[in-house]
Amino acid sequence: MKERISIIGVPMDLGQMRRGVDMGPSAIRYAGVVERLEGLHYEIEDKGDIKIGRPNREEESSSLNNLRNLKAVSEGNLKLSEQVDEVIKSGSFPLVLGGDHSIAIGTLAGVSKHYKELGVIWYDAHGDLNTGDTSPSGNIHGMPLAVSIGLGDETLTRIGGYTPKVKPENIVIIGARSLDEGEKELIKEKGIKVYTMHEIDRLGMTKVMEETIQYLKERTDGVHLSLDLDGLDPHDAPGVGTPVIGGISYRESHLAMEMLAESDIITSAEFVEVNPILDEKNKTATVAVALMGSLFGEKLL
């Protein structure tokens, strides 16, 4: 881990239908992320929030190629990619706060140009591997991983001027328990490594993380962590837009972050889908901050 962390807020709520997730970055800051990381002796630079434009009424009520709010989402992600790129060039660690998971398109566009073999840990209940052709909803927050491997509308896949951003064989999905049929087919076709809740229950989180770390260490020169709070069970993280019961526990998630900290393979990270409107006393943002603490080396003793 680098000694300096640059926080970028992305108040994006256009990749899905439920309002409120645009307040996620503010909720995470309110839960004390800066103070938590400063307490671990990091130099923190909070770069504030990227300005996200609003679609006009006609754009908001329609979808282009089954992609809702395509123009506004792509513009926001372009801004994010440029800022992430600048942060990495400055020698700082980019920590992105969402916002819905469509922002991973911009994060990965900014990160991957700095690595020949970027790895991605996708900590999520969902695969986010839909395209306009397979998506049941047209919501772009269900598409960022597909976009990042080069599948989907060129408005999104070409952000940053190149595609793909990551190879399918350099991806590990952890916590999956809600996959659409098109996503299941794509996972098999591309050979994407997935640990569903079945594997987590059967193997245990320690084994899952040991295998993930070893797998990525062998083939990558940097690893991005994309953590969707709905990867956790809704009991522990209720303030998310698409909760799925039977998820990863709070303690299992801390163990995963602690093991990633020990492995020292994470070179960028984002925490997404915190929706304070759907939350209970900012519980989900507080969980996000606690997990960031573990990721950046916080220990019980």
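Keep in mind the model is a prediction, meaning the values are calculated, not measured.

**Q** Quick question: what am I supposed to make of the side chain of Thr 212 here?
**A** Checked against the element boundaries, Thr 212 lands in helix α10 (residues 205-219). Classification of Thr 212 as buried rests on a relative accessible area of 0%. Discounting chain neighbours no more than four positions away, the residues touching Thr 212 are Ile 121, Val 172, Ile 174 and Tyr 195.

**Q** Would you take a moment to explain the layout of surface pockets for this structure?
**A** Approximately 250 Å³ is the volume attributed to the largest pocket. Lining the largest pocket are 18 residues, with His 126, Asp 128, His 141, Gly 142 and Asp 180 positioned closest to its centre.

**Q** Quick question: what am I supposed to make of the UniProt feature "binding site: Mn(2+) 1" (unreviewed entry) in the protein here?
**A** Per the UniProt entry, the sites bearing "binding site: Mn(2+) 1" (unreviewed entry) are His 101, Asp 128, Asp 228 and Asp 230 in this numbering. In summary, the annotated positions, though distributed over 130 residues, converge in three dimensions, the widest C-alpha pair being only 12.2 Å. Residues that both appear in the annotated list above and line the largest pocket are His 101, Asp 128, Asp 228 and Asp 230. Within the fold, His 101 resides in the loop between β5 (93-98) and α5 (104-111). Those residues in contact with His 101 that sit more than four places away from it in its chain are Trp 122, Asp 124, Asp 128, His 141, Pro 144, Ser 226, Asp 228, Glu 270, Val 272 and Glu 273. You can see Asp 228 is positioned in strand β9 (residues 222-228). Residue Asp 228 is classed as buried on the basis of its relative accessible area, which comes to 2%. Apart from residues no more than four positions distant in its own chain, Asp 228 is found in contact with His 101, Tyr 123, Asp 124, Val 272 and Glu 273.

**Q** Got a minute to help me understand the nonpolar core in this structure?
**A** Looking at soluble globular proteins, one finds that nonpolar side chains tend to be buried together. By size, the foremost hydrophobic cluster in this structure holds 49 residues, and its most contacted members are Leu 95, Tyr 123, Ile 174, Leu 225, Leu 260 and Phe 271. Of all the elements, helix α12 (residues 283-295) adds the most residues to this core, at seven residues. The residues contacting Phe 271, other than those within four sequence positions of it, are Ile 28, Leu 95, Val 96, Leu 97, Gly 98, Leu 225, Leu 227, Leu 229, Ala 288, Leu 291, Met 292 and Leu 295. By size, the runner-up hydrophobic cluster in this structure holds 42 residues, among which are Val 96, Leu 129, Leu 145 and Leu 186.

**Q** What is the right way to read the UniProt feature "binding site: Mn(2+) 2" (unreviewed entry) in the protein from this model?
**A** In the numbering used here, UniProt assigns the feature "binding site: Mn(2+) 2" (unreviewed entry) to Asp 124 and His 126. As for the annotated residues named above, the ones lining the largest pocket are His 126. Its location among the elements puts Asp 124 in the loop between β6 (118-123) and α6 (144-148). Judged by relative accessible area, which is 0%, Asp 124 ranks as buried. If we skip the residues at most four places from it in the chain, Asp 124 touches His 101, Ile 174, Gly 175, Ala 176, Asp 228, Asp 230 and Gly 231. Here the side chain of Asp 124 touches Trp 122 through a polar contact of 3.2 Å, side chain to side chain. Positionally, His 126 belongs in the loop between β6 and α6. Residues within four places of His 126 in sequence aside, it is in contact with Ser 178, Leu 179, Asp 230, Thr 242 and Val 244.

What counts, and at which threshold
- Residues numbered from 1 in each chain as written.
- Predicted model: local features only at pLDDT ≥ 70, side-chain atom pairs only at ≥ 80, totals over all residues.
- Heavy atoms only, no water.
- Helix = DSSP H or I, 4+ residues; strand = E, 2+ residues; numbered from the N terminus.
- Buried < 20%, exposed > 50% of the residue type's maximum accessible area, 1.4 Å probe, protein only.
- Contact = heavy atoms within 4.5 Å.
- 1 Å grid on protein atoms, 1.4 Å probe; cavity = no way out; pocket = protein on both sides within 12 Å on 5 of 7 lines; lining within 4 Å.
- Points joined across faces, edges and corners; volume = space filled by probe spheres on them.
- UniProt positions renumbered as here; feature names shortened; annotations may be inferred.
- Core = buried A, V, L, I, M, F, W, Y, C linked by side-chain atoms within 4.5 Å.
- Polar contact = N/O pair within 3.5 Å; in protein donor to acceptor, adjacent residues only side chain to side chain.

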